[in-house]
Amino acid sequence: VDYAKYRGAMIENCYDILTKAVDLGGYDTEFGVIQTAMKATVDMFNQQKIDASVVVDKYLQYTDILSKQRGALKEQIEKASDADKAKLQKDLDQCNVVVAGVDLLFSGCDAAKCEVLDQAFSPRFKENPNDIELQRKIMSILVKKGCDDLQLYEDVATKLVANDPSELACYSL
């Protein structure tokens, strides 16, 4: 994070370091590293050094990590003593801020345009048509971006209702 802060102009190095940090840290990666890694990913895309599918991949990876971290923090808060709850709640609040920041970075990026999302997600959906978690992620992103006129949207919604008739799935269809 410090390297990105003080050497931000060296975007390729920042991107490589942050990507590796997230890959090595996995679900234990610090929140600030994830948000900075997403910013570096968007910057690389804006400078045309990576394509949109990489941005989508990184977004999915980072939001998955944050989702798991958020779930773990919620569990810990439920089981924690009163003395520990305040610190854990502070961590959860920070995680929520980072989730919003990562979503904002992604949604403000040209990689999050409907046609780009269609190109990025269609092959994944065709490769894994029964992956409910992938269907949920695709649908969530397409709904957020208002991409309901895509054939992919209809295909995912139909499959999601059949596999997991949740509120999101039924509303989407």
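It should be emphasised that the depicted structure is a prediction, and the values quoted were computed from it without experimental measurement.

**Description of the layout of surface pockets**
Consideration 1: What the largest pocket holds in volume is close to 420 Å³.
Consideration 2: As for the largest pocket, its lining consists of 16 residues, and the residues nearest its centre are Thr63, Ser67, Lys137, Ser140 and Lys144.
Consideration 3: Sorting the residues of the lining of the largest pocket by element identifies helix H4 (52–79), helix H5 (82–107) and helix H7 (132–145) as the ones contributing at least two each.
Consideration 4: Ranked by the residues each element gives to the lining of the largest pocket, the list is headed by H4, at eight residues.

**Describing the packing of H4 against helix H6 (residues 114–127)**
Consideration 1: Look at H4 against H6: their axes get within 9 Å of each other, and the N-to-C directions meet at 70 degrees. The angle between H4 and H6 falls in the class roughly perpendicular. Seen along the crossing, H4 lies across H6 with a hand that is right-handed. Contacts between H4 and H6 involve Ala52, Ser53, Val56, Asp57 and Leu60 from the former and Val116, Leu117, Ala120, Phe121 and Arg124 from the latter.

**What to know about the side chain of aspartate 91**
Consideration 1: Here aspartate 91 shows up in helix H5.
Consideration 2: Setting aside residues no more than four positions away along its own chain, aspartate 91 makes contact with Phe31 and Leu73.

**With respect to the packing of aromatic side chains**
The geometry of an aromatic ring pair is captured by the separation of the ring centres together with the interplanar angle, meaning the angle of the planes.
Consideration 1: Summed over the entire model, instances satisfying the criterion amount to one aromatic pair.
Consideration 2: With a centroid separation of 4.0 Å and an interplanar angle of 15 degrees, the aromatic rings of tyrosine 59 and phenylalanine 106 are classed as stacked. One end of the pair, tyrosine 59, is in helix H4; the other, phenylalanine 106, is in helix H5, and 47 residues separate them in sequence. Considered together, tyrosine 59 and phenylalanine 106 belong to a single accessibility category, that of buried residues.

**What to know about the side chain of serine 122**
Consideration 1: Topologically, serine 122 is positioned in helix H6.
Consideration 2: Discounting residues that sit within four places of it in the chain, serine 122 has contacts with Leu117 and Leu152.

**Some remarks on the confidence of the model for the protein**
Consideration 1: Taken as a whole, the protein shows an average pLDDT of 89; of its residues, 99% reach a score of 70 or greater.
Consideration 2: Looking at the elements of the protein, mean pLDDT is at its lowest for helix H1 (residues 2–6), recorded as 74, and at its highest for helix H3 (residues 31–46), recorded as 94.

**Overview of the packing of H7 against helix H8 (residues 151–163)**
Consideration 1: For the pair H7 and H8, interaxial distance at closest approach is 10 Å and the crossing angle is 135 degrees. Classified by the angle between their axes, H7 and H8 sit oblique to one another. For the pair H7 and H8, the crossing hand works out as left-handed. Of the residues in H8, those in contact with Ile132, Gln135, Arg136, Ile138, Met139, Leu142 and Val143 of H7 are Leu152, Tyr153, Val156, Ala157, Lys159, Leu160 and Asn163.
Consideration 2: Residue classes in the contact of H7 with H8 are distributed as ten nonpolar, two polar and two charged.

About the cut-offs
- Residues numbered from 1 in each chain as written.
- Predicted model: local features only at pLDDT ≥ 70, side-chain atom pairs only at ≥ 80, totals over all residues.
- Heavy atoms only, no water.
- 1 Å grid on protein atoms, 1.4 Å probe; cavity = no way out; pocket = protein on both sides within 12 Å on 5 of 7 lines; lining within 4 Å.
- Points joined across faces, edges and corners; volume = space filled by probe spheres on them.
- Helix = DSSP H or I, 4+ residues; strand = E, 2+ residues; numbered from the N terminus.
- Axes fitted to C-alpha atoms, helices over the stretch in contact; angles between N-to-C directions.
- Parallel < 35°, antiparallel > 145°, perpendicular 65-115°, else oblique.
- Left-handed = near helix turned anticlockwise from the far one by under 90°.
- Contact = heavy atoms within 4.5 Å.
- Phe/Tyr/Trp six-rings, centres within 6.5 Å; stacked < 30°, edge-to-face > 60°.
- Buried < 20%, exposed > 50% of the residue type's maximum accessible area, 1.4 Å probe, protein only.
- pLDDT = per-residue confidence, 0-100.
- Nonpolar A, V, L, I, M, F, W, Y, C, P; charged D, E, K, R; others polar.

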